[in-house]
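Listed below, chain by chain, are the residues.
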Amino acid sequence: MSTILYLVRHGETVDNASQTMQGQTQGALNERGILQARALSEEWRDREIDVVVASDLKRAIDTAAIIAVPHGLEVVTTPLLRERDWGDFTGRYIPDLKNEPWPDNVESLENLLSRAGEFITYVRQTFPGKKVLAVGHGIINKAIQAVLYQKSMSEILKMSNAEVRELAL
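About the criteria used
- Residues numbered from 1 in each chain as written.
- Predicted model: local features only at pLDDT ≥ 70, side-chain atom pairs only at ≥ 80, totals over all residues.
- Heavy atoms only, no water.
- Pairing = 2+ DSSP bridges.
- Helix = DSSP H or I, 4+ residues; strand = E, 2+ residues; numbered from the N terminus.
- Axes fitted to C-alpha atoms, helices over the stretch in contact; angles between N-to-C directions.
- Contact = heavy atoms within 4.5 Å.
- Phe/Tyr/Trp six-rings, centres within 6.5 Å; stacked < 30°, edge-to-face > 60°.
- Lys NZ or Arg CZ within 6 Å of the ring centre and 35° of its normal.
- Buried < 20%, exposed > 50% of the residue type's maximum accessible area, 1.4 Å probe, protein only.
- Salt bridge = Lys/Arg side-chain N within 4 Å of Asp/Glu carboxyl O.

Student: Which residues make up the sheet that holds strand β3 (residues 75-78), and what values go with them?
Tutor: As summarised here, the arrangement of the 5 strands in space is β3-β2-β4-β1-β5, forming an open sheet in which the pairing is mixed. Each having just a single partner strand, β3 and β5 (164-168) make up the two edges of the open sheet. When strand polarity is set aside, the average angle formed by the axes of neighbouring strands in this sheet is 25°. Across 4 bridges, strand β2 (residues 51-55) lies against β3 in parallel orientation. Opposite Val53, over in β3, you have Val76 as the bridge partner. Packing against the sheet, helix α3 (residues 58-68) makes contact with β1 (4-9), β2, β3 and β4 (131-136), and its axis sits at approximately 165° to β2.

This is the structure we're talking about:
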C-alpha cells in the first residue's frame, strides 16, 4: 500500500494579506486564515488521516492543529517543510521586489529542491502506507510537487491558502 500525502498550504496570514514576504518568520494566521483552517477541518472531519505533519513555523502549526482536532491527532513538526528562506527580502513588501536583484542570502533553488526531496523521503520512511496530511507553505509545497513529478517549479500551479493536493508517494 502506498503512502498518501495530503499536501496543504497554511491558512491566510497577516503577512499574506499585506503582501509582506514571510520566508521563515513564524507568521500568524489572520481571521480569514483561522476560518479557512476551520472549514478545512470540518470538510476533512470524516476523512481518514493517520498522521498530521507541519512545518515548524507557527502559521503552519496553527493550521495543522485546527485540522487535527476532530481526528484527535498530535501535530508532528519538521523544519524540512519550512518556507524558502528569502534572506534580505524577508519582511519586505512583495510588489517592491519585482525588479530588484536577488540578495546572496536567499536560499538557493538547489537547496530548496534538496529539502523537498528529503521531506518526501522522510514521509515515505517514517509513515509507510499511511495517510499523511502535511501543512507547509507555498514555495516548499511547489518544490515538493516539482521533485515528485520531476517537473520545474514553474510547471507547478501556485497553491491557495488552505488548499489541499493529494500526492501518491
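Student: Tell me what's going on with the packing of aromatic side chains, and back it up with residues and numbers.
Tutor: Within this structure, the stated rule accounts for 5 aromatic pairs. Judged by centre distance (6.3 Å) and plane angle (75°), the ring pair of Phe89 and Trp102 falls under edge-to-face. Pair noted here: Phe89 is in the loop between β3 and α4 (109-126) and Trp102 is in the loop between β3 and α4, with a separation of 13 residues, a long-range link. Through a chain of ring-to-ring contacts, three or more aromatic side chains come together here, namely Trp86, Phe89 and Trp102. Arg47 extends its terminal NZ or CZ atom over the ring of Trp44, reaching a point 3.9 Å from the ring centre.

Student: Run through the side chain of His137, naming residues and quoting values.
Tutor: Here His137 shows up in the loop between β4 and α5 (138-149). Judged by relative accessible area, His137 falls into the buried class, the value being 0%. Filtering out sequence-adjacent residues up to four positions away, His137 remains in contact with Arg9, His10, Ser55, Leu57, Arg59, Ala60, Leu81, Arg82 and Glu83.

Student: Any chance you could break down the pattern of salt bridges for me, citing the residues and the numbers?
Tutor: Pairing of side chains with opposite charge becomes possible as their charged atoms draw close. Throughout the structure, instances matching the rule amount to 7 salt bridges. For the salt bridge of Arg45 with Glu42, the shortest nitrogen-to-oxygen distance reads 3.1 Å. Accessibility expressed as a relative area gives 40% for Arg45, which makes it partly exposed. Taking relative accessible area as the criterion, Glu42 reaches 47% and is therefore assigned partly exposed. Asp56 is the salt-bridge partner of Arg82, the closest N and O atoms lying 2.7 Å from each other. Placement of Arg82 in the loop between β3 and α4 and of Asp56 in the loop between β2 and α3 is noted, with a sequence separation of 26 residues between them. For Arg82, a relative accessible area of 26% translates into the label partly exposed.

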